[in-house]
Amino acid sequence: MKLRTFTKFLALFAVLASLVACASSKSTVSQDANKSLEGNAESDVVTSVLDRIRPVYDQYRKDHPDAAGEMTVRLALGSSGDVDSVRIVKSNLDDPELENAIKEDLTLWKYDVSGIKSFVVETTVSFSAEGVACAKNERSGKDILLVVETNKRERLRPIFNKHLQEQSGLGGKMRVKIVIVENGTVENVEILESTLGNPEFEQAVLEDILQWKFTSGNYDKSKVTIPLTFVE
């Protein structure tokens, strides 16, 4: 009887372990999907904000044709898609009536994608005779340098050490030009000059730089020249 009871206990334990593993797997998938959706949501929200603001501005310009300038607006969205708050961070429109009309309209808006976490989006909008557009910002040189120095230390150095084992005395300098796009990824990288004399290592460096990730946001496309020095 004791053996039979113990066998039943083991079988029950196995079933419970299987259910727990299954539940954990589903939870992980759900979290990953939510992170992906949230990353895409920010870009979608900015586009939707512009679509929402355009008719308000177009209507206002009928009586105020000279209304123009830039405004930075910050929206806090809840997980339900409702706009919890709208704040004008800064504005040179010098037109409280237009600013209030935009705030009131955005407050009534609802983001129509479910399953996202609450998050905050800030964007700068330009208003002119050509219409409403998303004003682009220049990336901070300090922010770019921080990413570059981190990746040189944590990514390029191990690659160099690996090739150094294959070619004793490997070293030299490279100058590369990279193109960073709005979402922070590197669109293109090319060697401007190199004294390394090792095409295989140079190619490995280029391939790694293409994987670098800079901060995403409302930025113009950035073209940056980076000097790289490799020594033992």
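**A few points about the overall build of the protein chain**
Across its full length, the protein chain holds four helices and seven strands. In sequence order, the secondary structure elements of the protein chain are arranged as α-β-β-α-β-β-α-β-β-α-β. Taking all contacts inside the protein chain whose residues are at least 6 apart in sequence as the whole, residues at least 24 apart take part in 71%. Put simply, the protein chain shows about 14400 Å² of open surface, and 52% of that area lies on carbon and sulfur atoms.

**Some details on the sheet that holds strand 6 (residues 186-194)**
Read from one edge to the other, the open sheet built from three strands follows the order 6-5-7, with strand pairing classed as antiparallel. Every other strand in the sheet has two partners, leaving strand 6 and strand 7 (222-230) as the edge strands with one partner each. Averaged over all adjacent pairs, the angle separating strand axes in this sheet is 25°, with direction ignored. With seven bridges joining them, strand 5 (residues 172-180) and strand 6 adopt antiparallel strand pairing. Paired with Met174 across the two strands is Ser194, which belongs to strand 6. Contacts from helix 3 (residues 141-166) reach strand 5 and strand 7 within the one sheet, and its direction differs from that of strand 7 by about 40°. In the packing of helix 4 (residues 199-209) onto the sheet, contacts are made with strand 5, strand 6 and strand 7, and the angle to strand 6 comes to roughly 150°.

**Overview of the pattern of salt bridges**
Counted according to the given criterion, the structure contains nine salt bridges. Its salt-bridge partner being Arg155, residue Asp208 comes within 3.0 Å of it at the nearest N-O pair. A residue pair is termed long-range when its members are at least 10 positions apart, and Asp208 in helix 4 and Arg155 in helix 3 qualify at 53 residues. The partner of Lys177 in a salt bridge is Glu190, with the nearest N and O atoms 3.7 Å apart. Taken as a pair, Lys177 in strand 5 and Glu190 in strand 6 lie far apart in primary sequence, 13 residues in all. With a relative accessible area of 28%, Lys177 lands in the partly exposed category.

**Focus on the sheet that holds strand 4 (residues 131-134)**
Strands sit in the order 2-1-3-4 across an open sheet of four strands; the sheet is antiparallel. Of all strands in the sheet, those with a lone pairing partner are strand 2 (83-91) and strand 4, marking the two edges. The mean inter-strand angle of the sheet, taken between neighbouring strand axes irrespective of direction, is 30°. Across four bridges, the pairing between strand 3 (residues 119-128) and strand 4 is antiparallel. Looking at the pairing, Ser126 lines up with Ala133 of strand 4. Packing of helix 2 (residues 96-107) onto the sheet brings it into contact with strand 1 (69-77), strand 2 and strand 3, and relative to strand 2 it is tilted by some 155°.

**Examining the nonpolar core**
In this structure, Val45, Ile53, Leu75, Ile102, Leu106, Trp109 and Phe127 are the most contacted members of the largest nonpolar core, which totals 28 residues. Elements that contribute at least two residues to this core include exactly helix 1 (2-61), strand 1, strand 2, helix 2, strand 3 and strand 4. With residues up to four places along the chain from it excluded, the contact list for Trp109 reads Val45, Ser48, Val49, Arg52, Leu75, Leu77, Gly81 and Val83.

**Focus: the packing of aromatic side chains**
For the structure on display, the rule yields four aromatic pairs. Residues Phe160 and Phe201 carry aromatic rings whose centres are separated by 5.7 Å and whose planes lie at 50° to one another, so their mutual orientation is tilted. With Phe160 in helix 3 and Phe201 in helix 4, this residue pair connects regions lying 41 residues apart in the sequence. Phe201 shares its class with Phe160; the two are buried. A relative accessible area of 0% places Phe160 in the buried class. Taken together, the ring pairs connect Phe160, Phe201 and Phe230 into an aromatic cluster.

**Looking at the confidence of the model for the protein chain**
Per-residue confidence for the protein chain gives a mean pLDDT of 79, with 76% of residues at or over 70. Looking over the protein chain, one finds the lowest element-wise mean pLDDT in helix 1, namely 53, and the highest in helix 4, namely 96. This stretch, residues 5-39, has a pLDDT under 50; its non-local contacts, to residues over four places away or in other chains, come to nine contacts.

So, how was this worked out
Residues numbered from 1 in each chain as written. Predicted model: local features only at pLDDT ≥ 70, side-chain atom pairs only at ≥ 80, totals over all residues. Heavy atoms only, no water. Helix = DSSP H or I, 4+ residues; strand = E, 2+ residues; numbered from the N terminus. Contact = heavy atoms within 4.5 Å. Areas by Shrake-Rupley, 256 points an atom, 1.4 Å probe, with all protein chains shown as cover. Pairing = 2+ DSSP bridges. Axes fitted to C-alpha atoms, helices over the stretch in contact; angles between N-to-C directions. Salt bridge = Lys/Arg side-chain N within 4 Å of Asp/Glu carboxyl O. Buried < 20%, exposed > 50% of the residue type's maximum accessible area, 1.4 Å probe, protein only. Core = buried A, V, L, I, M, F, W, Y, C linked by side-chain atoms within 4.5 Å. Phe/Tyr/Trp six-rings, centres within 6.5 Å; stacked < 30°, edge-to-face > 60°. pLDDT = per-residue confidence, 0-100.

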